[in-house]
Amino acid sequence: MKITFNAFLGTAPKFDVESVPDGYSSVSHNTKSERGILEPWALPTSLGTFGRANAKSMYKYKNQWFTWPDLTYAAKAPLKNDAYDYVLFASGTNEPKVVYNLNAEQGGGPYPAVSYPLNVPVPARISGVLVEDADNWVSESMLDENGEEYMPKDAVEGTDSNGDGIIGVKPFESPEESEYDLADVVYSYCYVDAWGRLSALADPTELVTIKEWQYINTKKVTLTFPDVPDALLAVDPLRGTSGKIRIYRTNLAASGTSVFQFVDEIPLTQKTYEDSKYSGDLLDAPINEDWVGAPDLDASLYPNGPMQKVVVMGSDTLVGHNKRLLCFAEPDAFYAWPVRYYKVFQEDIVTIQPSGSNLVVLTTGVPYIVQGVHPESMDAARLADPVPCSSAEGSTEVAGAVYFTSETGLYRIEGYSMANVSTGFIDSNAWRELDPTTMILANYNNKVFVHCPTVGKTLVFDALDPKAGIRTVDIQAQSFVVMDETNDLAFVDTATRELHMFDKSKEGHMSMGWESKTYLFNDPTCFNIVKVRANAFPVRVRVECVHPVSGEVISYTKDVNSPMFAYLPFNSRSFKWRVAVEAISQSTRLEVRDIQLAQSPEELE
């Protein structure tokens, strides 16, 4: 009779050590799962603190790491040919911000060195409107010695025939009132900041009546603008650019409705503007008429708080959320989040997680799947099972599926189906003892990492093998950073606040610990031969049995030095046997293919 250990599955703590299914272990610490052998992770490498000892969240920019003292999420703006590498970030406690590559990494840290408000402030209403006759609404007539008007015989249309310095367009005989086209119009304007970002339009002015004759606007409207707010990026000295004011006036469209059309663009420093343009000379309608910024700290507009998280859905859609709102950015305008794209949820939103081209919205009640090709066409489908998400940091995406923590276990959403992937290994009571409200999720190499700060454990689930069980790993993470471009996993160590790259050391490996289930036999048995197949030796094997009468645990540790079998000094029989592998050296990568316990050499393979 022999026992062969060659599955090296993880643990299933919902079972006791004797009833756990064959192949599962009672301890599987710092072990990998994908190759079906027993092997450790490489040691993490430290990258330092990056100038901030209280770092809670981090993001890898081009050459430097951004750090923040609170929970913060960052996303690269999905712009084509983005020469400035814009990155947005949101925290739920501060205004949403944006950085770019000309100064984000300047200086010695902490980074980002400089950040800017994501939102472009909405301009105040035009402060003054004065209506007069247009400067050129005069005729080229002259006065004779009797003070009578006459038109010079040599008058040429379109020239200053009377020499008064004005090219008059008014006919010598004033048009009848019935010949004028009267229009009631309003004015508005927007800011174009130094980056070319557009604000929303200001509230319109009161109605202004203009009179047009033929192709001439006979009125001059003088607009006075309020002071520019300090929050506006008026000048960017790094680019040598400055902001503008873009002016709009309503005009009658073919449909019979009034629409804003472009009048002119002036420098921010110009306080007044005189408009006497003919309606037919107005240009395009504004694209930003209903644009607003992302949810910010203005409680009068956003009673549910500022944006808490920002992600990229699919390849080109920016999505953010606060407590109740899911909002989408205008394509190619990362600073504009139109109200017409809002999705309002009846439950509080805990977090959002991209899943391929879709988005999973995790709430305090029911998960939702959001899909669509454009922000205007997004549709939110409510899943049937009411499974609340327990932690704002408790979600990650692996192999097209979203994993999230709940009070009853670790769940996977794939497509429109949802399943509890931990329930086969750990019961809900034991899961609750891990404190799901504090769990932090990440992924690496198709594994789901679940850090439980309250108990100081990190669990590992294999996303590609749902039967692989649960493993543990020596990570005490303040936060995780999943680096999508390189598929690496970084974490901020809780004790040192240093940033570590997981599984990256070329010189050492994590201290591996593995212990089998306890095998129970109907008849007492004595195993006194062990054989190990591995890539390197020695391999330290601990074999234990339980004395059938006294219940004493009899243990023997053997350093197996070759692939040949070795004898064990057991001389009594037992109903219960188990095997463990302990680390000897962390400098050598150990790969154990199988372990055999036998009663005689003839039984070995």
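Look up a bit, the structure's there.
Note that the coordinates shown come from a computational prediction; the quantities given were computed from them, not determined experimentally.

K.L.:
Got a minute to help me understand the overall build of the chain in this structure?
P.N.:
What the chain contains, in helices and strands, is one helix and 49 strands. Expected size for 605 residues packed as a compact globule is a radius of gyration near 25 Å; at 36 Å, the chain overshoots this value by more than 25%. Overall, the C-alpha framework of the chain stretches about 140 × 50 × 35 Å when taken along its three principal axes. The buried share of the chain, taken over its 605 residues, is 50%.

K.L.:
Which parts of the structure should I look at to understand the sheet that holds strand E16 (residues 216–217)?
P.N.:
One key point about sheets: their strands pair by backbone hydrogen bonds, in either a parallel or an antiparallel sense. Read from one edge of the open sheet, three strands run E13-E15-E16, paired in antiparallel fashion. A strand with exactly one partner marks an edge of an open sheet, and here the two such strands are strand E13 (181–185) and E16. Here strand E15 (residues 208–213) pairs with E16 via two bridges, running antiparallel. The residue of E16 that forms the bridge with Glu-212 is Asn-217.

K.L.:
Hey, could you run me through the sheet that holds strand E39 (residues 477–483) in this one?
P.N.:
Read from one edge to the other, the open sheet built from four strands follows the order E3-E41-E40-E39, with strand pairing classed as antiparallel. Because the sheet does not close on itself, it has two edges, and the strands there are strand E3 (45–48) and E39. Direction aside, the axes of adjacent strands within the sheet are offset by 30° on average. Pairing of E3 with strand E41 (residues 499–501) involves three bridges; the strand directions are antiparallel. By the bridge assignment for E41, Gly-48 is matched with Leu-499.

K.L.:
When you look at the pairing of strand E42 (residues 513–516) in this model, what are you seeing that I'm missing?
P.N.:
As a general feature of sheets, a regular strand has side chains that alternate between the two faces. Residues Gly-513 and Glu-515 of E42 are buried on one face, and the alternating residues Trp-514 and Ser-516, pointing to the opposite face, are buried as well. In this sheet, strand E48 (residues 574–582) lies alongside E42 in antiparallel orientation, the contact comprising three bridges. Bridging from a neighbouring strand, Gly-513 pairs with Glu-582 of E48.

K.L.:
Explain the environment of Cys-389 here, please?
P.N.:
Here Cys-389 shows up in the loop between strand E30 (379–382) and strand E31 (395–398). Residue Cys-389 is classed as buried on the basis of its relative accessible area of 6%. Measuring from C-alpha to C-alpha, the distance between Cys-389 and Val-350 comes to 6.5 Å, with 39 residues separating the pair along the chain. Each residue touching Cys-389, except ones within four places of it in the same chain, is listed here: Val-350, Thr-351, Leu-362, Thr-363, Gly-394, Phe-404 and Thr-405.

K.L.:
Sorry, what's going on with the packing of aromatic side chains here?
P.N.:
Under the definition given, this model contains 35 aromatic pairs. Taking the centre distance of 5.9 Å and the plane angle of 50° together, the rings of Trp-41 and Tyr-444 count as tilted. With Trp-41 in the loop between strand E2 (25–29) and E3 and Tyr-444 in strand E35 (residues 440–444), this residue pair connects regions lying 403 residues apart in the sequence. Across the pair, Tyr-444 and Trp-41 agree in class, each one buried. Relative to Phe-66, the ring of Tyr-61 lies with its centre 4.8 Å away and its plane at 25°, an arrangement referred to as stacked. Phe-66 matches Tyr-61 in its accessibility class, with the two residues each being buried. Each residue in the set Tyr-84, Tyr-86, Tyr-100, Tyr-116, Trp-195, Trp-291, Phe-334 and Tyr-335 is aromatic and connected to the rest through ring pairs, giving one cluster. Over the aromatic face of Tyr-84 sits the side chain of Arg-239, whose NZ or CZ is 3.6 Å from the ring centroid. One cation-aromatic arrangement involves Lys-517 over Tyr-519; the distance from NZ or CZ to the ring centre is 5.0 Å.

K.L.:
Help me out: how do you make sense of the side chain of Ser-91 in this one?
P.N.:
The residue Ser-91 is located in the loop between strand E7 (87–90) and strand E8 (97–99) in this model. Separated by 3.2 Å, the side chains of Ser-91 and Thr-93 make a polar contact.

K.L.:
Looking at this structure, how should I read the pattern of salt bridges?
P.N.:
Two side chains with opposite charge may pair up if their charged atoms get near one another. Taken as a whole and assessed by the stated rule, the structure comprises 41 salt bridges. Residues Arg-249 and Glu-212 are paired through a salt bridge, measuring 4.0 Å at the closest nitrogen-oxygen approach. Pair noted here: Arg-249 is in strand E20 (residues 244–252) and Glu-212 is in strand E15, with a separation of 37 residues, a long-range link. Residue classification places Arg-249 among the buried residues on the basis of a relative accessible area of 0%. Arg-578 is the salt-bridge partner of Glu-515, the closest N and O atoms lying 3.8 Å from each other. Of this pair, Glu-515 sits in strand E42 while Arg-578 sits in strand E48, and the two are 63 residues apart along the sequence. Taken individually, Glu-515 and Arg-578 each receive the classification buried, so the pair is uniform in this respect. Within the structure, one salt-bridge network assembled from shared partners comprises Arg-35, Glu-39, Arg-589, Glu-591 and Arg-593.

Criteria and thresholds
- Residues numbered from 1 in each chain as written.
- Predicted model: local features only at pLDDT ≥ 70, side-chain atom pairs only at ≥ 80, totals over all residues.
- Heavy atoms only, no water.
- Helix = DSSP H or I, 4+ residues; strand = E, 2+ residues; numbered from the N terminus.
- Rg over C-alpha atoms; globule rule 2.2 N^0.38 Å.
- Buried < 20%, exposed > 50% of the residue type's maximum accessible area, 1.4 Å probe, protein only.
- Pairing = 2+ DSSP bridges.
- Axes fitted to C-alpha atoms, helices over the stretch in contact; angles between N-to-C directions.
- Contact = heavy atoms within 4.5 Å.
- Phe/Tyr/Trp six-rings, centres within 6.5 Å; stacked < 30°, edge-to-face > 60°.
- Lys NZ or Arg CZ within 6 Å of the ring centre and 35° of its normal.
- Polar contact = N/O pair within 3.5 Å; in protein donor to acceptor, adjacent residues only side chain to side chain.
- Salt bridge = Lys/Arg side-chain N within 4 Å of Asp/Glu carboxyl O.

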